[in-house]
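# Structural characterization, general
Okay, here's what each chain looks like letter by letter:
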Amino acid sequence: MINMNIKDDMLVNRDITSAVINKVSASRRDVEFLSDIDSVLWVASIRPQETQLSSFEDDTRKYEEIQLLEISVHTYENIYKISRTIMKAIPYPIILLVRYNNKYKVMLSKPIKSKRDYDEQVIRSMYQTYWFFPDEPNCSPVTANIIKALDFSNYDCSNIFDLHTSIYNTLLNYQAWFLTQAATLRILRWLGIPRKENVYLTCSPIKYYPPKYKANGYVLERYNNYVIQYDKEDVWYALTHNEYAKNIIDKRRIYNIDSLLFESGEY
Amino acid sequence: MDEYLYLKGRVETRMRISVMTATGDDDLINAEEKGDLEYRKAQLKRLQEEVVDIEDMQSVISIMDLGLNEFRLDLLEYIKRHGDMDTVPYGLHAVVPATEECPPGVVFVLKNRNNSVNIDKQNRLHPFYMVYVGSDGLIVCDHLSPKELLDKIRSLCKGYNEPFMDLCGAFNAETKDGKDMRQVSSLLTAAINSIIKVKEESDIDSLFRPGGTTALDNRICGLEDFELICFFVVKL
């Protein structure tokens, strides 16, 4: 369990699955991806009434409260789309924890006011962190750092916007980096692990469709051909939780994924 | 000084006029005006969604259809005739006959003990809550529709100055002169549960609209948060 040091009077802990699905279904036609959701939990609401923080508003941004949500999914393919849709449906800055089996991911964005309708918001600069494994007894440094970044008692801010920006910037250090499937297979070959060991069985690879850019830099559309990618932390977790692979890694005195990538020549 | 006071009064009056004609929260001088917007917004939303009801109406819509002014006028009239009601004890009840529109049940008038925060800023009668529970425990009219409920009470009671002795007798016999109020108590619990349920639904709705969420506002735990002001027993 992730200990975020949230005061009891900020905890909401309500299941809002049906409300979210109804809300999103009312505004979209392609809602098949919503069937991936197991549950949506409204964990906490950080607002001026219960904290010493003031709300923030200027011409482009409105940060009244921060909502902390946790969604559980049974397949991971559409988590980015699901997260983005939820962030668009809820007009508050959101810290979104995505749970898939025993692993978590944080989704964050910088919402700005929509110029068309001030009651809506536009999602900008959205990113996802690495998968992290809070329930593991010996968690990796990345997991430990992400959990530390989610500890609200570490932040000393004057308003809601500052708090959200601080969390956003801290977690930006753990924005997910992906390895291509080819790279992960090369690592296996370098370590001398046969493919039949199925080391990457616990990983959650994603399909990445490279974007076609407009002249001004905006994404016009995406190519139909995709590349399968693996989250770097996810790969390290898989390698260290496979006995065969772990023995080899220990023998070679490799202590983290970065040194593994460096040693194997993938950097 | 007099000139200043006159000017202040004039500006305040103008402000009040602008608030009455606009959508609320336009009075920058008066801090108490805050929160008015929420139920006005709900009214407008309701108007937007319930077009059929409005079309069904024979007459034109007046501002009286949206507010509770007519009931205030009734109340003023009553106070003029019978004096102030501050001395009336809590827990009084009346028994009235059921009609087609008003099925058998109980209308509870409750007061929230913790009145520092208006729940959702939507209950126009805050800190008072009125709920109409049918005798089967289903809610006929919840606390967010005070206009509809007051209309029902008015239709049940207006014009009757004397108690319905036969109904009162039947109710007293059922409750053994008020000694066995188990049935009414269970309906009271259902009424309070409905307030909590409506609040929960409203809290979740507040997440999808800007202006602040209400999930952490004034958490209602149950029976002990309310006191019973009075109730109407609607009997067949």
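Residues numbered from 1 in each chain as written. Chains lettered and ligands numbered in written order. Predicted model: local features only at pLDDT ≥ 70, side-chain atom pairs only at ≥ 80, totals over all residues.

## Some points on the overall build of chain B
A tally of regular secondary structure across chain B gives seven helices and five strands. Listing every helix and strand of chain B by position from the N terminus yields α-α-α-α-β-β-β-β-α-α-α-β. Per-residue burial for chain B yields a buried fraction of 22% across its 236 residues. Expressed as a percentage of contacts within chain B between residues at least 6 apart in sequence, the contacts between residues at least 24 apart total 66%. (Helix = DSSP H or I, 4+ residues; strand = E, 2+ residues; numbered from the N terminus. Buried ≥ 20, exposed ≤ 12 C-beta atoms within 10 Å, placed from the backbone. Contact = placed C-beta atoms within 7 Å.)

## With respect to the pairing of strand 13 (residues 227-231) of chain A
Residue and element names in this part refer to chain A. Sheet analysis places strand 9 (residues 178-180) next to strand 13, joined by three bridges and oriented antiparallel. Bridged to Leu 179 within strand 13 is Tyr 230. Looking at chain direction, strand 10 (residues 206-208) and strand 13 are connected through three bridges and run antiparallel. Looking at the pairing, Tyr 208 lines up with Val 227 of strand 13. (Pairing = 2+ DSSP bridges.)

## Concerning the interface of chain B and chain A
Put simply, an interface is often sized by how much accessible area is lost when its parts join up. Contacts between chain B and chain A engage nine residues on the former and 18 residues on the latter. Each residue belonging to the side of chain B that touches chain A can be placed in one class, and the counts come to six nonpolar, two polar and one charged. (Nonpolar A, V, L, I, M, F, W, Y, C, P; charged D, E, K, R; others polar.)

## Thoughts on the sheet that holds strand 8 (residues 121-128) of chain A
Residue and element names in this part refer to chain A. Reading across from one edge, 1-2-5-6-7-8 is the order of the six strands in this open sheet, with mixed pairing throughout. Each of the sheet's edge strands pairs with one partner strand only, and the pair in question is strand 1 (11-15) and strand 8. The mean inter-strand angle of the sheet, taken between neighbouring strand axes irrespective of direction, is 20°. Of the pairings in the sheet, the one linking strand 7 (residues 103-113) to strand 8 comprises six bridges and is antiparallel in character. Across the sheet, residue Lys 110 finds its bridge partner in strand 8, namely Arg 124. Against the sheet, helix 1 (residues 17-27) engages strand 1 and strand 2 (37-46), with an angle of about 100° to strand 2. Where helix 4 (residues 160-172) meets the sheet, its contacts fall on strand 2, strand 5 (66-73), strand 6 (94-100), strand 7 and strand 8, and the angle it forms with strand 7 comes to roughly 135°. (Axes fitted to C-alpha atoms, helices over the stretch in contact; angles between N-to-C directions.)

## Notes on the confidence of the model for chain B
Put simply, chain B has an average pLDDT of 78, and 75% of its residues get 70 or more. In the model output, the complex is listed with pTM 0.70 alongside ipTM 0.84. (pLDDT = per-residue confidence, 0-100.)

## Topic: the sheet that holds strand 3 (residues 128-134) of chain B
Residues and elements named next belong to chain B. The five strands lie next to each other as 1-5-2-3-4, forming an open sheet whose pairing is mixed. Of all strands in the sheet, those with a lone pairing partner are strand 1 (92-97) and strand 4 (139-141), marking the two edges. Strand-to-strand twist of the sheet, defined as the mean angle between neighbouring strand axes without regard to direction, takes the value 30°. Bridge count between strand 1 and strand 5 (residues 226-235): six bridges; the pairing is parallel.

## Comments concerning unusual backbone geometry
Phi angles above zero are rare outside glycine, and Asn 198 of chain A is one such case at about 50°. With respect to the helices and strands, Asn 198 of chain A occurs in the loop between helix 5 (181-191) and strand 10. Even without being a glycine, Asp 177 of chain B presents a positive backbone phi close to 55°. In this structure, Asp 177 of chain B sits in the loop between helix 6 (165-174) and helix 7 (182-206). Residue class for Asp 177 of chain B comes out exposed when judged on the 9 C-beta atoms lying within 10 Å of it.

## Side note on the packing of helix 1 of chain A against helix 2 (residues 79-89) of chain A
All names here are of chain A. At a closest axis distance of 10 Å, the pairing of helix 1 and helix 2 adopts a crossing angle of 85°. It follows that helix 1 is roughly perpendicular to helix 2 by the angle criterion. When helix 1 is examined against helix 2, the residues Val 20, Lys 23 and Val 24 are found in contact with a partner set consisting of Thr 85, Ile 86 and Ala 89. When the residues that make up the contact of helix 1 with helix 2 are grouped by side-chain class, the tally is four nonpolar, one polar and one charged. (Parallel < 35°, antiparallel > 145°, perpendicular 65-115°, else oblique.)

## Quick look at the environment of Ile 46 of chain A
All names here are of chain A. Looking at where Ile 46 falls in the secondary structure, it is placed in strand 2. Its 22 C-beta neighbours within 10 Å are what place Ile 46 among the buried residues. Between the C-alpha atom of Ile 46 and that of Gln 67, which follows or precedes it by 21 residues, the distance is 6.3 Å. Aside from chain neighbours lying at most four places away, what touches Ile 46 is Met 10, Thr 51, Glu 65, Ile 66 and Ile 160.

## Focus on the environment of Met 87 of chain A
Residue and element names in this part refer to chain A. Within the element layout of this structure, Met 87 appears in helix 2. By C-beta crowding, Met 87 is classed as buried, having 22 other C-beta atoms within 10 Å. It is 8.5 Å that separates the C-alpha atoms of Met 87 and Pro 111, two residues lying 24 residues apart in sequence. When residues no more than four places from it in sequence are discounted, the contact partners of Met 87 are Ile 94, Leu 96, Ser 109, Pro 111 and Ile 123.

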